Amino acid sequence: VYLVESGGGSVQAGDSLRLTCVASGRTLNIYSAAWFRQASGKEREFVAVIRWSDGVSYYSDSAKGRFTITRVDPKNAVWLQLSNLKPEDTGVYYCTIRNGCGRDYQIPATYDDWGQGTQVTVSA
């Protein structure tokens, strides 16, 4: 599966952004799609995940109440709506998919394909 992210940018604290991830290729096998982010010098961390079949989603504690993950049918796309952004949200945001089910959705190594990432920079 090929993944392409877009929608990043430089914003002020309190602003909003919508990130888009478009999937192509063998999309019929996708079980879930997720967003991770990586700040400079830090490890990649889980943000949100959505189950492809029914839209059930889970969020990190930092994302709850501010971010929303949505699957866009029939475009094989996933949105991540970022609201009330904070400087600590700065980083490269990556889209990823998994072809099988599993419990460890917060662990990057359990995912199969990754996009190149899109930069989000939030200024105070």
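Above: the structure in question.
Now for a look at the structure at hand. These numbers were taken from a predicted model, which means no experiment stands behind them.

This part covers the overall build of the protein. Check the secondary structure of the protein and you find zero helices and eleven strands. Against the 2.2 N^0.38 benchmark of 14 Å for 124 residues, the protein shows a C-alpha radius of gyration of 13 Å, consistent with a compact globule. Along the first, second and third principal axes, the C-alpha set of the protein runs to 40 × 25 × 25 Å. For the protein, restricting intrachain contacts to residue pairs at least 6 apart in sequence, the fraction spanning at least 24 positions comes to 56%. Approximately 6,600 Å² of the protein is accessible, and the part contributed by carbon and sulfur atoms is 47%. Distance between charge centroids for the protein: 3 Å, based on 13 positive and 12 negative side chains.

Right, let's get into the pattern of salt bridges. Counting across every chain of the model gives five salt bridges. Between Lys64 and Asp61 there is a salt bridge, with the nearest N and O atoms lying 3.5 Å from each other. Comparing Lys64 with Asp61, the two get one shared label, exposed. When the shortest N-O distance is used, the salt bridge between Asp89 and Arg66 registers 2.8 Å. One end of the pair, Asp89, is in the loop between β8 (77-82) and β9 (91-98); the other, Arg66, is in the loop between β6 (57-59) and β7 (67-72), and 23 residues separate them in sequence. Relative accessible area serves as the criterion here: at 0%, Asp89 is assigned to the buried category. Connected via shared salt-bridge partners are Arg37, Glu45, Arg66 and Asp89.

As a further point, take the packing of aromatic side chains. The tally for this structure, following the rule as stated, stands at seven aromatic pairs. Judged by centre distance (5.4 Å) and plane angle (75°), the rings of Phe36 and Tyr111 are edge-to-face. Of this pair, Phe36 sits in strand β4 (residues 32-38) while Tyr111 sits in the loop between β9 and β10 (113-114), placing them 75 residues apart in sequence. Overall, Tyr111 belongs to the buried group, its relative accessible area being 6%. Considering the side-chain rings of Tyr111 and Trp114, the 6.2 Å spacing of their centres and the 65° angle between planes classify their relative orientation as edge-to-face. In this structure an aromatic cluster arises from ring pairing among Phe36, Phe46, Tyr58, Tyr94, Tyr105, Tyr111 and Trp114. Positioned over the ring face of Tyr94 is Arg44, at 3.7 Å from the centre of the ring.

Right, let's talk about the state of the cysteines for a bit. The full count for this structure, using the stated rule, is one disulfide. The disulfide bridge from Cys21 ends at Cys95, spanning 2.1 Å between sulfur atoms. The sign of the S-S torsion, about -75°, decides the handedness of the disulfide formed by Cys21 and Cys95: left-handed. Taken together, the residues span a long stretch of sequence, with Cys21 in strand β3 (residues 17-24) and Cys95 in strand β9 at a distance of 74 residues. By relative accessible area, which is 1% here, Cys21 ends up buried. The exposure class assigned to Cys95 is buried, which follows from its relative accessible area of 1%. In this model Cys101 remains outside any disulfide bridge; the closest cysteine sulfur is found in Cys95, 19 Å from its own.

Thresholds, definitions, all that
- Residues numbered from 1 in each chain as written.
- Predicted model: local features only at pLDDT ≥ 70, side-chain atom pairs only at ≥ 80, totals over all residues.
- Heavy atoms only, no water.
- Helix = DSSP H or I, 4+ residues; strand = E, 2+ residues; numbered from the N terminus.
- Rg over C-alpha atoms; globule rule 2.2 N^0.38 Å.
- Contact = heavy atoms within 4.5 Å.
- Areas by Shrake-Rupley, 256 points an atom, 1.4 Å probe, with all protein chains shown as cover.
- Lys, Arg positive; Asp, Glu negative; His and termini not counted.
- Charge placed at Lys NZ, Arg CZ, Asp CG, Glu CD.
- Salt bridge = Lys/Arg side-chain N within 4 Å of Asp/Glu carboxyl O.
- Buried < 20%, exposed > 50% of the residue type's maximum accessible area, 1.4 Å probe, protein only.
- Phe/Tyr/Trp six-rings, centres within 6.5 Å; stacked < 30°, edge-to-face > 60°.
- Lys NZ or Arg CZ within 6 Å of the ring centre and 35° of its normal.
- Disulfide = S-S within 2.5 Å.

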